[in-house]
Amino acid sequence: LPHPPVVIGKDGSGEDILGKWGGTWPSVEFLGLVKGEVVIRRTFVRDPVATTLSVTPDRDAFGADHQDLRIAIRALDQAQNLLTQIDLPVQIEVSGPAEIRGPATRTLRGGATAVWLRSTGDAGEIRVTVKSERFDDTAISVRTIASDVP
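As the structure is a computational prediction, the values presented were derived from the model and not from experiment.

Novice: Teacher, can you tell me more about the sheet that holds strand β8 (residues 105-108) here?
Specialist: Within a sheet, adjacent strands bond to each other through the backbone by hydrogen bonds, running parallel or antiparallel. The five strands lie next to each other as β4-β11-β10-β6-β8, forming an open sheet whose pairing is mixed. Of all the strands in the sheet, the pair left with one neighbour each is β4 (61-63) and β8. Strand-to-strand twist in this sheet, taken as the mean axis angle between neighbours without regard to direction, amounts to 30 degrees. Summarising the sheet, β4 and strand β11 (residues 138-145) pair through three bridges and their orientation is parallel. Pairing of G63 across the sheet is with I145, part of β11.

Set out below in structure tokens:
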């Protein structure tokens, strides 16, 4: 097969590692290869620890003329994987020519949430800060761009 499937079920000792109640799951790294070259690498750790509050806008700039922008907020472990077991409130603060659509306090459900901003008509820099009790404050900047259409 040009893209063979992956089969997981036995470790080097011959022990069945899936479906064993109380068994341990080791840290693991998966490599994706194309023509023998590594094109993707994913690591999953045995004991994930909440280390990063990721705040990622869909784009770095958007129109100043009352347009919307989505910002994803995710709790990540030390290997940058989503922590799906975290439900945690976060507070979002915005400064600059935009306003939050909806409440400024959101809950990470399954480790993730999103917030939408709407530009207020002026071009400029917008600073978004996300705060929580569990993570350090995380701040990003995006900007609004004036429309060329009068």
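Novice: What's the story with the environment of V142 in this structure? I'm lost.
Specialist: As for its position among the elements, V142 is in strand β11. Residue classification places V142 among the buried residues on the basis of a relative accessible area of 2%. For the pair V142 and F62, spaced 80 residues apart in the sequence, the C-alpha separation amounts to 8.1 Å.

Novice: How do you make sense of the environment of S141 when you look at a structure like this?
Specialist: In this structure, S141 sits in strand β11. For the pair formed by S141 and P57, sequence separation is 84 residues and the distance between their alpha carbons is 9.1 Å. Setting aside chain neighbours within four positions, we find S141 in contact with E125, I126 and R127. In terms of polar contacts, S141 uses its side chain to reach the side chain of E125, at 2.9 Å. At a separation of 3.5 Å, a polar atom in the side chain of S141 contacts the side chain of R127.

Reading the values: the criteria
Residues numbered from 1 in each chain as written. Predicted model: local features only at pLDDT ≥ 70, side-chain atom pairs only at ≥ 80, totals over all residues. Heavy atoms only, no water. Pairing = 2+ DSSP bridges. Helix = DSSP H or I, 4+ residues; strand = E, 2+ residues; numbered from the N terminus. Axes fitted to C-alpha atoms, helices over the stretch in contact; angles between N-to-C directions. Buried < 20%, exposed > 50% of the residue type's maximum accessible area, 1.4 Å probe, protein only. Contact = heavy atoms within 4.5 Å. Polar contact = N/O pair within 3.5 Å; in protein donor to acceptor, adjacent residues only side chain to side chain.

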